[in-house]
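Residue strings, one per chain:
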Amino acid sequence: MIERTLTIIKPDSVEKKNVGAIIAHLESEGFEILAARMTRLSEAQARAFYEVHKERPFYNDLVAYMTSGPVWPMCLQREDAIGYLRKVMGATNPAEAEPGTIRALYGESIERNAIHGSDSPENAAGEIAFFFPTADLA
Ligand code: CMP
């Protein structure tokens, strides 16, 4: 089934100038980019985006990190986009990610792990709407 998902290229990737390589990697895996923009998250936006993690011990650090520099949210489309992005992205901790995955190639720690990917159809729909009005999706 053709699905849409949300990725965010995180501040560590922008800082290390890996944005182009990550976009090329995603395109080579068959993802179509329906929307993309560069932005800097406010603290309120980062808290809201990661609200599901608000009880976790890493929540405040995660919010501080995600607001530390510019990010690139993108809406991606592909057959089985949600599951396939998680496969191509690799495990949350780059040290445990399969060789060749984006987090293995470009991530450096569980926090500075290169990109985010939606983990379910419900979250994908909410996360796409968080960044992009429907009218902005190509
Ligand atoms: P992401 O896919 O963006 O979703 C939540 C993020 O929390 C995750 O990637 C990690 O970068 C971050 N995080 C930081 N510390 C931890 C941790 N101990 N366990 C899981 N996620 C963590």
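Before any of the text, the structure's been laid out above.
As the structure is a computational prediction, the values presented were derived from the model and not from experiment.

## What about the overall build of the protein chain?
When you go through the protein chain residue by residue, the secondary structure sums to seven helices and four strands. Along its sequence from the N terminus, the protein chain presents helices and strands in the succession β-α-α-β-α-α-β-α-α-β-α. Computed over the C-alpha atoms, the radius of gyration of the protein chain is 14 Å, within 12% of the 14 Å expected from 2.2 N^0.38 for a compact globule of 138 residues. Its C-alpha atoms give the protein chain principal-axis dimensions of about 35 × 35 × 25 Å. Counting across all 138 residues of the protein chain, residues that qualify as buried make up 48%. In the protein chain, 76% of the contacts between residues at least 6 apart in sequence involve partners at least 24 apart. With an accessible surface of roughly 7,000 Å², the protein chain has 52% of that area assigned to carbon and sulfur atoms.

## Quick notes on the sheet that holds strand 4 (residues 115-117)
Strand order in the open sheet made by the four strands is 2-3-1-4, with antiparallel pairing throughout. The open sheet terminates on both sides in strands that have one partner only, identified here as strand 2 (32-36) and strand 4. Pairs of neighbouring strands in the sheet enclose a mean axial angle of 30°, with direction left out of account. Pairing between strand 1 (residues 2-9) and strand 3 (residues 72-79): eight bridges, direction antiparallel. Bridge pairing in strand 3 links I8 to P73. The strands touched by helix 5 (residues 81-89) within the sheet are strand 1, strand 3 and strand 4, with strand 1 carrying the most contacts at an inclination of about 40°.

Here is what the cut-offs are and how they apply
Residues numbered from 1 in each chain as written. Predicted model: local features only at pLDDT ≥ 70, side-chain atom pairs only at ≥ 80, totals over all residues. Heavy atoms only, no water. Helix = DSSP H or I, 4+ residues; strand = E, 2+ residues; numbered from the N terminus. Rg over C-alpha atoms; globule rule 2.2 N^0.38 Å. Buried < 20%, exposed > 50% of the residue type's maximum accessible area, 1.4 Å probe, protein only. Contact = heavy atoms within 4.5 Å. Areas by Shrake-Rupley, 256 points an atom, 1.4 Å probe, with all protein chains shown as cover. Pairing = 2+ DSSP bridges. Axes fitted to C-alpha atoms, helices over the stretch in contact; angles between N-to-C directions.

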